[in-house]
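Structure assessment
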Amino acid sequence: MTLPHRSAAPALARPAAYGSRPVQRPAVPGPRPAVQHPMAARPMAGHPMAAGQPMQRPAPRPAVSFLTVTEVAAIMRVSKMTVYRLVHGGEMAAVRVGRSFRVPEPAVREYLAGARTDVA
C-alpha cells in the first residue's frame, strides 16, 4: 500500500507574537533574509558598549561558605534553638533561603570572637 504524495502547499501566515510584526515565510525552503532588530540600530546612552569601549569584568568576590543552623549549633556546642535565638535577635548574621536559614562562616567566627569573656 502506498500513500499519495502531497504537492507543495502555499505557506500560511502565522499569527504574530505580542509586540512584533507578522513575518511572511517563503513556501520553498531556502535562506532566510537577514532581519535587523529595531532596537539594534539605537546606541544606549551611558552603556559601555555604546561608545565602543570594551566591557570590564567586575572584581572577583571571595567565596563565602554558608553553614546550616545544625552545623552552627554543632560548632558552638549549643542547641539549634540557641542559634535561632541569636539569628532572630540580630546577634548573628544569617540569610533566609526558603524556610531555612544559612549562616555565613565569617559571621560565626565574628560572633565567637566578640562573645569571649575573661574570667578572673
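Quick caveat, the model's predicted, so the values are computed rather than measured.

Considering helix α1 (residues 69-76)
- Buried residues of α1: Val69, Val72, Ala73 and Met76, and no others. Viewed end-on, α1 has its buried residues packed into an arc of 100 degrees, placing them on one side of the element.
- Residues of α1 that are buried sit in contact with β1 (66-68), α2 (80-88), β3 (100-104) and α3 (105-114).
- Positive phi shows up at arginine 77, right after α1, with a value of about 60 degrees.

Some details on the sheet that holds β1
- An order of β1-β3-β2 is seen for the 3 strands of this open sheet, with the pairing classed as antiparallel. Edge positions in the sheet fall to β1 and β2 (95-97), since each has one partner strand and no second. Neighbour to neighbour, the strand axes of the sheet diverge by 40 degrees on average, direction disregarded.
- Running at roughly 70 degrees to β3, α3 makes contact with β1 and β3 of the sheet.

Description of the confidence of the model for the protein
- With 55% of its residues at a pLDDT of at least 70, the protein reaches an overall mean of 78.
- Mean pLDDT across the secondary structure elements of the protein bottoms out at α3, with 92, and peaks at α2, with 96.

Section: the pairing of β3
- In this sheet, β3 lies alongside β1 in antiparallel orientation, the contact comprising 3 bridges. Bridging from a neighbouring strand, leucine 67 pairs with valine 103 of β3.
- Two elements, β2 and β3, share 3 bridges in a ladder whose sense is antiparallel. Its bridge partner lying in β3, valine 95 is registered against arginine 102.
- Linking β2 back to β3 in an antiparallel pair, the connection comprises 2 residues, with glycine 98 at a positive phi of about 65 degrees.

A look at the environment of methionine 81
- Locating methionine 81 in the fold gives a position in helix α2.
- By relative accessible area, methionine 81 is classed as partly exposed at 47%.

Quick notes on the packing of α1 against α2
- Across the interface, α1 lies against α2 with an axial gap of 8 Å and an inter-helix angle of 105 degrees. Comparing their axes, α2 and α1 come out roughly perpendicular. Here α1 contributes Val69, Thr70, Val72, Ala73 and Met76 to the contact with α2, which in turn contributes Lys80, Val83, Tyr84 and Leu86.

Overview of a nonpolar patch on the surface
- Nonpolar side chains collect at one region of the surface, where Val64, Phe66, Val95 and Val97 lie side by side and expose about 330 Å² of accessible area between them.
- Mapping valine 95 onto the fold places it in strand β2.

The rules behind each value
Residues numbered from 1 in each chain as written. Predicted model: local features only at pLDDT ≥ 70, side-chain atom pairs only at ≥ 80, totals over all residues. Heavy atoms only, no water. Buried < 20%, exposed > 50% of the residue type's maximum accessible area, 1.4 Å probe, protein only. Helix = DSSP H or I, 4+ residues; strand = E, 2+ residues; numbered from the N terminus. Arc of directions from axis to C-beta. Contact = heavy atoms within 4.5 Å. Pairing = 2+ DSSP bridges. Axes fitted to C-alpha atoms, helices over the stretch in contact; angles between N-to-C directions. pLDDT = per-residue confidence, 0-100. Parallel < 35°, antiparallel > 145°, perpendicular 65-115°, else oblique. Patch = residues over 30% accessible without salt bridge, like charges linked within 9 Å, V, L, I, M, F, W, Y side chains within 5 Å. Areas by Shrake-Rupley, 256 points an atom, 1.4 Å probe, with all protein chains shown as cover. Salt bridge = Lys/Arg side-chain N within 4 Å of Asp/Glu carboxyl O.

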